[in-house]
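Structural overview
So you can see what is in the structure, the chains are spelled out below.
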Amino acid sequence: MRLSLLLLLLLLPGPPPAPGMEDAAFPHLGESSQPPPRACPLRCSCPRADTVDCNGLDLQVFPDNITRAAQHLSLQNNQLQELPYNELSRLSSLRTLNLHNNLISSEGLPDEAFESLTQLQHIYVAHNKLSVAPQFLPRSLRVADLAANQVTEIFPLTFGEKPALSLSSNRLSYLPPSLPPSLERLHLQNNLISKVPRGALSRQTHLRELYLQHNQLTDSGLDATTFSKLHHLEYLDLSHNRLASVPAGLPRTLAVLHLGRNRIRGVEAARLRGARGLRYLLLQHNQLGATGLPAGALRPLRGLHTLHLYGNGLDRVPLALPRRLRALVLPHNHVTTLGARDLAGTPGLAELNLAYNRLVSARVHRRAFRPLRALRSLDLAGNLLTRLPGGLPGGLHTLRLQRNQLRALEPEPLAGLDQLRELSLAHNRLRVGDIGPGTWHELQALQVLDLSHNELSFVPPDLPEALEELHLQGNRISHVGPEAFLSTPRLRALFLRANRLHMTSIAPDAFLGLLHLSVVDTAGNPEQVLVRLPPTTPRQPRAGSPRARRGPAV
């Protein structure tokens, strides 16, 4: 009896605890000490409460069990063919939806699919199979990427007020109507657009970047008002079209104009007067020829910084260029002559590229480069020069003369180039006996010297002390003596591949004192070459290695 009474007392609930006396750390009846599990679709990851990542899972069906709190949903790189309206409509908190690289067609995308996503700011549907853009997108959207689909039609009210829109790599044959007035960036490259209807861009006054390259635009597809209302436009790419002239009505705010790979035969100053703020003009691979860029045609562009005229059949450097020009890029033309005054009108040039023209030494005036006191980079590669040009500016940092017909080097043309850091003389006809004594004497800052693919039979003597990288591959060098690098204590990399070296052609003490040397490349010689790095190297030299390196094995 007493035992039964005791059990009954133990089972009865005790008095309620006093306020503030509960043990918060102890779980109450029906509660767990662990937080409830976060809902996450099978195989997906949910690194945060508002993020669901289902990237690259080969999903064929839209995942279920996506939390309503999701703000960022990633479904790219799957095999989805359709989007179920019921599943999407309940995700009203979404801000980013990434559907890039799926198989979604317009038939699998309901008209109202995104209508209820009132918080959506970024949608990525590039690389799918849409033939028609979604009919309704939420007004909250800031970026819509529909690139690389098969879109041929766009509804007038599709895009609302988006500042960035990408419709590149589709099949559009016209500029979409009713584009958002708030657009700041518009990608329409890689389409079939042949015409921009009059007034199509008259409301997009906030547009800063417009990409229309790789279309089928002709002069008749543009008019003087096409771009005239774009008062904030800074970047315009019309390259890879069929234009025969520079478009009219360019806005004053334009900083970059890309007209490369068109069919432009002439440039008129009148067409450029409105674009006085232009900084970069790219006209490469057009058909300007000898008369397409008359003197003064670019004079309205007083602030022009860079001019690209690559591959235009020009037979001389254009005259009366903007005086403040900093970079003139003229490779792959037909320039044969440089007169004493041809470059005098652009004293501020820092970069001059005349590579792969037809310059011969006899027709390059000894004072041609003298006015260019600010010049830092000069590229004369691929011409027909037989000697170094004279009067080179003392501030040069880079000089490229590879692939000419140089047969001799003398000290005088290199005198005063004490800031030169890189000199390329590769693919010429130089022999050691034709390199005059003292040639390298004033090149106190030279770090990279390329003498590859010449006719050198041994390492040239008295190389610059600052030299760090020396290219001698593709010569006729058969022996490297112990004094070859006494003048270059800072040498880090030496390239001797494809010469006439044999196993013991390099003297055992050739690299003595070169504490920074880490690469010696001797591949492609008749025999595998024995390379002995200085004693401080942690590894012993071994025969048969085409490339010896300081440090751990590679």
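This is a predicted model, so every value here is computed, not measured.

Cut-offs used in this document
Residues numbered from 1 in each chain as written. Predicted model: local features only at pLDDT ≥ 70, side-chain atom pairs only at ≥ 80, totals over all residues. Heavy atoms only, no water. Helix = DSSP H or I, 4+ residues; strand = E, 2+ residues; numbered from the N terminus. Buried < 20%, exposed > 50% of the residue type's maximum accessible area, 1.4 Å probe, protein only. Contact = heavy atoms within 4.5 Å. Areas by Shrake-Rupley, 256 points an atom, 1.4 Å probe, with all protein chains shown as cover. Core = buried A, V, L, I, M, F, W, Y, C linked by side-chain atoms within 4.5 Å. Disulfide = S-S within 2.5 Å. Patch = residues over 30% accessible without salt bridge, like charges linked within 9 Å, V, L, I, M, F, W, Y side chains within 5 Å. Salt bridge = Lys/Arg side-chain N within 4 Å of Asp/Glu carboxyl O. Lys, Arg positive; Asp, Glu negative; His and termini not counted. Charge placed at Lys NZ, Arg CZ, Asp CG, Glu CD. Pairing = 2+ DSSP bridges. pLDDT = per-residue confidence, 0-100.

1. Some thoughts on the overall build of the protein
Helix and strand counts for the protein stand at 4 helices and 23 strands. Expressed as a percentage of its 554 residues, the buried residues of the protein come to 48%. Partitioning the contacts of the protein with sequence separation of at least 6, the portion at a separation of at least 24 is 46%. If you sum the accessible surface of the protein, you get close to 27,200 Å²; carbon and sulfur atoms cover 50% of it.

2. Examining the nonpolar core
Grouped together as the largest cluster of nonpolar side chains are 141 residues, with contacts concentrated most on Phe-369 and Leu-425. With near-sequence residues (within four places) excluded, Leu-425 lies in contact with Leu-388, Leu-401, Gln-402, Leu-406, Leu-409, Leu-430, Trp-440, Leu-449, Asp-450, Leu-451 and Asn-454.

3. Overview of the state of the cysteines
Summed over all chains, the structure comprises 2 disulfides. Cys-40 shares a disulfide with Cys-46; S-S distance 2.1 Å. Judged by the sign of its S-S torsion, about 90°, the bond between Cys-40 and Cys-46 is right-handed. By relative accessible area, which is 14% here, Cys-46 ends up buried. Shown here for the protein is a disulfide pattern of 1-3, 2-4, where each number marks a bonded cysteine counted in sequence order.

4. Comments concerning a positive patch on the surface
The grouping of Arg-252, Arg-273, Arg-276, Arg-302 and Arg-324 at the surface amounts to a positive patch. The residue Arg-324 is located in the loop between β13 (306–308) and β14 (327–329) in this model.

5. Regarding the pairing of strand β1 (residues 45–48)
Examined bridge by bridge, β1 and strand β2 (residues 51–53) share 2 bridges and lie antiparallel to one another. Bridged to Ser-45 within β2 is Asp-53. Hairpin connection from β1 to β2: 2 residues lie between these consecutive antiparallel strands.

6. Section: the pattern of salt bridges
Note on pairing: side chains with opposite charge can pair once their charged atoms come close. Under the defined criterion, the tally for this structure stands at 8 salt bridges. Linking Arg-198 and Asp-223 is a salt bridge whose minimum nitrogen-to-oxygen distance equals 3.3 Å. One end of the pair, Arg-198, is in the loop between β8 (185–187) and β9 (209–211); the other, Asp-223, is in the loop between β9 and β10 (235–237), and 25 residues separate them in sequence. For Asp-223, a relative accessible area of 25% gives the class partly exposed. In this structure, Arg-316 engages Asp-342 in a salt bridge whose closest nitrogen and oxygen atoms are separated by 3.1 Å. A residue pair is termed long-range when its members are at least 10 positions apart, and Arg-316 in the loop between β13 and β14 and Asp-342 in the loop between β14 and β15 (351–353) qualify at 26 residues.

7. So, the side chain of Asp-450
Within the secondary structure layout, Asp-450 lies in strand β19 (residues 448–450). Here Asp-450 sits buried without a salt bridge, and the closest side chain of opposite charge, Arg-400, lies 8.9 Å off (N-O distance). When residues no more than four places from it in sequence are discounted, the contact partners of Asp-450 are Leu-423, Ser-424, Leu-425, Ala-426 and His-471.

8. With respect to the confidence of the model for the protein
Per-residue confidence for the protein gives a mean pLDDT of 89, with 88% of residues at or over 70. Scored below 50 in pLDDT, residues 537–547 shows 25 contacts in the model against residues more than four places distant or in partner chains. Confidence drops under a pLDDT of 50 for residues 549–554, and excluding neighbours within four residues, the segment shows 18 contacts in the predicted structure.

9. Observations concerning unusual backbone geometry
The backbone phi angle of Arg-403 is positive, close to 60°, even though this residue is not glycine. Note on placement: Arg-403 falls in the loop between β17 (398–400) and α4 (411–414). Positive phi, normally seen in glycine, also occurs at Asp-462, with a value near 55°. Mapped onto the elements, Asp-462 comes out in the loop between β19 and β20 (469–471).

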